[in-house]
Amino acid sequence: MTNDQRLPSAYHRTDAIARAMESGDHRQIIGGMWDEIGRLQFDLLVDNGLQPRHRLIDLGCGSFRGGVHFANYLDAGNYFGADINASIMDAGYDRELAPLGLANKVPRANLLVTGDFDVGKLGTTFDYALALSLFTHLPINLIRTCLEKLRPTMATDGRLFATFFVCDDGLPLWRPISHPRGGITTYGDADPYHYKVADIEFMAGSTGWHIEREVRFDHPRSQRCFVLATAGRTPCPVFGNRRSTISMGLIR
């Protein structure tokens, strides 16, 4: 097994990604669909109560596919980003945020390069957190690490919006799943990862969170979005009773 094969995901190959950034392809390397998914995540949070006064942490912010929308909307200083790749963030800052005149609203001190989710270093609390197309690239214990470290930084009524590829409870976790919409194949033990709802419940419950609800989310690659709240909040009855028999359809 090579060192690269031991890495959780392709995004952990930071040297290779830094070299790729020299080509100027900062939009495609984070998955493309720049306009569609950028606007989709912005609408997701605004439709669920995000206001300009709120502080948002964008986990796995990349080159600011969503960040350009959030930075424009939020009050100055209220958008924060964290990513493992400094080169991607630098490219996004210089080629996306700055040309739009948003550098004055997003000081570089609001952006954290981290491979272990030490978002406490940002020195503030967050009303909203977003992990879009992040946990789809991470194994279960790295997701738990993220949740553990994020929880103390959340406001009392803060929420995390996190997307996953979901494996139906009737299927073996180890079997690859082909998602016709978007043409993605996901795996139980390799990037991109899929999880059962019971796995998401476990990751949340073991780190001081719970699934509050699932939100309607028309993701072009079939990811589903769950809202996580800290354990002191009242959970949705379906998830609070740990009934892990949810089908591939949305919770109504």
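Everything discussed here concerns the structure shown above.
Now for a description of the structure that goes with this document. (Residues numbered from 1 in each chain as written. Predicted model: local features only at pLDDT ≥ 70, side-chain atom pairs only at ≥ 80, totals over all residues. Heavy atoms only, no water.)

Observations concerning the overall build of the protein
Consideration 1: A tally of regular secondary structure across the protein gives eight helices and 10 strands.
Consideration 2: Per-residue burial over the protein gives 49% buried out of 252 residues.
Consideration 3: Of the roughly 11,200 Å² of accessible surface on the protein, 49% is carried by carbon and sulfur atoms. (Helix = DSSP H or I, 4+ residues; strand = E, 2+ residues; numbered from the N terminus. Buried < 20%, exposed > 50% of the residue type's maximum accessible area, 1.4 Å probe, protein only. Areas by Shrake-Rupley, 256 points an atom, 1.4 Å probe, with all protein chains shown as cover.)

Quick word on the pattern of salt bridges
Consideration 1: Per the counting criterion, the structure on display carries nine salt bridges.
Consideration 2: With a closest N to O distance of 2.8 Å, Arg108 and Asp94 form a salt bridge. In this pair, Arg108 sits in the loop between α5 (86–97) and β3 (111–113) while Asp94 sits in helix α5, placing the two residues 14 residues apart along the sequence.
Consideration 3: Residue Asp94 is classed as partly exposed on the basis of its relative accessible area, which comes to 46%.
Consideration 4: Salt-bridge contacts for Lys149 lead to Asp118; the nearest nitrogen and oxygen are separated by 2.9 Å. With Lys149 in helix α6 (residues 140–150) and Asp118 in the loop between β3 and β4 (126–131), this pair connects stretches of sequence that are 31 residues apart.
Consideration 5: Each of the salt bridges in this network shares a partner with another, and the network as a whole consists of Asp90, Asp94 and Arg108. (Salt bridge = Lys/Arg side-chain N within 4 Å of Asp/Glu carboxyl O.)

Focus: unusual backbone geometry
Consideration 1: The omega torsion of the bond from Asp191 to Pro192 falls at 0°, within 30 degrees of zero and hence cis.
Consideration 2: Assignment of secondary structure puts Pro192 in the loop between β7 (184–186) and β8 (194–195).
Consideration 3: Although it is not a glycine, Phe117 adopts a positive phi angle of roughly 60°.
Consideration 4: Unusually for a residue other than glycine, Ser133 sits at a positive phi of about 55°.
Consideration 5: Take Ser133: it is sitting in the loop between β4 and α6.
Consideration 6: Residue class for Ser133 comes out buried when judged on its relative accessible area of 19%.

Thoughts on the packing of aromatic side chains
Consideration 1: Evaluation of the coordinates by the stated rule reveals 10 aromatic pairs.
Consideration 2: For the ring pair Phe64 and Tyr79, a centre distance of 6.3 Å and an interplane angle of 70° mean the geometry is edge-to-face. Of the two residues, Phe64 sits in the loop between β1 (56–59) and α4 (67–73) while Tyr79 sits in strand β2 (residues 79–83), which places them 15 residues apart along the sequence.
Consideration 3: The class for Phe64 is buried, based on a relative accessible area of 0%.
Consideration 4: Through successive ring pairs, a cluster of aromatic residues spans Phe42, Phe64, Phe70, Tyr73 and Tyr79.
Consideration 5: A cation over an aromatic ring shows up here: Arg108 above the ring of Tyr93, its NZ or CZ 3.9 Å from the ring centre. (Phe/Tyr/Trp six-rings, centres within 6.5 Å; stacked < 30°, edge-to-face > 60°. Lys NZ or Arg CZ within 6 Å of the ring centre and 35° of its normal.)

Overview of helix α3 (residues 34–47)
Because an α-helix packs 3.6 residues into every turn, residues spaced three or four apart end up facing the same way.
Consideration 1: Over its 14 residues, α3 runs 20 Å from end to end, which matches the ideal 20 Å to within 8%, given 1.5 Å per residue.
Consideration 2: Trailing α3 by a residue or two, Gly49 shows a phi angle of about 100°, which is positive. (Expected span 1.5 Å × (residues − 1).)

Quick look at the side chain of Thr186
Consideration 1: Assignment of secondary structure puts Thr186 in strand β7.
Consideration 2: Polar side-chain contacts of Thr186 include one of 2.9 Å to the side chain of His179.
Consideration 3: Looking at Thr186, its side chain comes within polar contact range of the side chain of His194, at 2.8 Å.
Consideration 4: Leaving out residues up to four positions away in the same chain, Thr186 has contacts with Phe165, Arg175, Pro176, Ile177, His179, Pro192, Tyr193 and His194. (Polar contact = N/O pair within 3.5 Å; in protein donor to acceptor, adjacent residues only side chain to side chain. Contact = heavy atoms within 4.5 Å.)

Some words on the nonpolar core
Soluble globular proteins: nonpolar side chains tend toward being buried together.
Consideration 1: Ile57, Leu59, Phe135, Leu150, Leu160 and Phe164 are the most contacted members of the largest nonpolar core, which has 33 residues in total.
Consideration 2: For this core, the elements supplying multiple residues, two or more each, are β1, β2, β4, α6, β5 (154–166), α7 (197–205), β9 (209–215) and β10 (224–230).
Consideration 3: The element contributing the most residues to this core is β5, with five residues.
Consideration 4: If you look at the next biggest cluster of nonpolar residues, it comprises 28 residues, including Phe70, Tyr79, Leu130 and Phe217. (Core = buried A, V, L, I, M, F, W, Y, C linked by side-chain atoms within 4.5 Å.)

Overview of the environment of Ile143
Consideration 1: Residue placement: Ile143 occurs in helix α6.
Consideration 2: For Ile143, a relative accessible area of 0% puts it in the buried group.
Consideration 3: When the C-alpha positions of Ile143 and Phe117 are compared, they lie 9.6 Å apart, and in sequence the two are 26 residues distant.
Consideration 4: Contacts of Ile143, omitting those with residues within four sequence positions, involve Phe135, Leu138, Phe164, Tyr195 and Met203.

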